[in-house]
Amino acid sequence: MSVSVRIPTILRTYTGGAAEVSGEGGTLREVLQKLDADYPGIGARILDEAGKIRRFVNVYVGEEDVRFAEGLDTATPEGIQISVIPAVAGG
């Protein structure tokens with residue numbers, strides 16, 4: 001299934017500067033695996049050593065935060081947009 005993945009500015013060095021790339025997979029896990037295969041190294045910036053989404057990275061499938069859905073097993077229907085958003089802290 002083809003989806004679009006929005007890439008934050010900080011990770012665009014992995015995608016040759018592209019703000020949005022195509023991805024494939026029936027779940028978020030599959031999409032991220034394919035994304036890392038196509039753009040080596042980007043997966044390690046999104047997932048930690050245990051294979052979980054990093055604490056300061058938010059991922060949305062459509063409008064839904066995957067932390068409140070099925071996590072990496074969240075379904076990624078054809079044409080959906082996935083957004084990778086680094087958390088911003090400040091005071």
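From a predicted model like this one, the values you see are computed outputs, not experimental measurements.

1. What to know about the overall build of the protein
For the protein, the helix and strand inventory stands at 2 helices and 5 strands. Each helix and strand of the protein, placed in order from N terminus to C terminus, yields the pattern β-β-α-α-β-β-β. Scaling as 2.2 N^0.38, a compact globule of 91 residues should have a C-alpha radius of gyration of about 12 Å, and the protein matches this with 12 Å. Structurally, the protein occupies a C-alpha span of about 40 × 30 × 25 Å along its principal axes. Across the 91 residues that make up the protein, the buried fraction comes to 35%. Between the centroid of the 9 positive side chains of the protein and the centroid of its 13 negative side chains there is a distance of 9 Å.

2. Quick notes on the pairing of strand β3 (residues 57-61)
Taking every second residue as pointing to the same face, the buried face of β3 carries Val 57, Val 59 and Val 61, while none of Asn 58 and Tyr 60 on the other face is buried. Here β3 pairs with strand β5 (residues 81-86) via 5 bridges, running antiparallel. By the bridge assignment for β5, Val 59 is matched with Val 84.

3. Some details on the nonpolar core
A general feature of soluble globular proteins is that nonpolar side chains tend to end up buried together. Counting 20 residues, the largest nonpolar core has Val 5, Leu 28, Leu 35, Ile 46, Ile 53, Val 59 and Ile 82 as the members making the most contacts within it. Elements with a contribution of two residues or more to this core: β1 (2-6), α1 (28-38), α2 (42-46), β3 and β5. The greatest single-element share of this core, amounting to 4 residues, is contributed by α1. Among all residues touching Val 5, those that are not within four sequence positions of it are Ala 19, Glu 20, Val 21, Val 31, Leu 35, Ile 82 and Val 84.

4. As for the pairing of strand β2 (residues 20-24)
On a regular strand, one side chain projects to one face of the sheet and the next to the other, so that they alternate. Of the two faces of β2, the one holding Val 21 and Gly 23 is buried and the one holding Glu 20, Ser 22 and Glu 24 is not buried anywhere. As paired strands, β1 and β2 are joined by 5 bridges and run antiparallel to one another. Each bridged residue has a counterpart across the sheet, and for Val 5 the counterpart in β2 is Val 21.

Rules behind the numbers
- Residues numbered from 1 in each chain as written.
- Predicted model: local features only at pLDDT ≥ 70, side-chain atom pairs only at ≥ 80, totals over all residues.
- Heavy atoms only, no water.
- Helix = DSSP H or I, 4+ residues; strand = E, 2+ residues; numbered from the N terminus.
- Rg over C-alpha atoms; globule rule 2.2 N^0.38 Å.
- Buried < 20%, exposed > 50% of the residue type's maximum accessible area, 1.4 Å probe, protein only.
- Lys, Arg positive; Asp, Glu negative; His and termini not counted.
- Charge placed at Lys NZ, Arg CZ, Asp CG, Glu CD.
- Pairing = 2+ DSSP bridges.
- Core = buried A, V, L, I, M, F, W, Y, C linked by side-chain atoms within 4.5 Å.
- Contact = heavy atoms within 4.5 Å.

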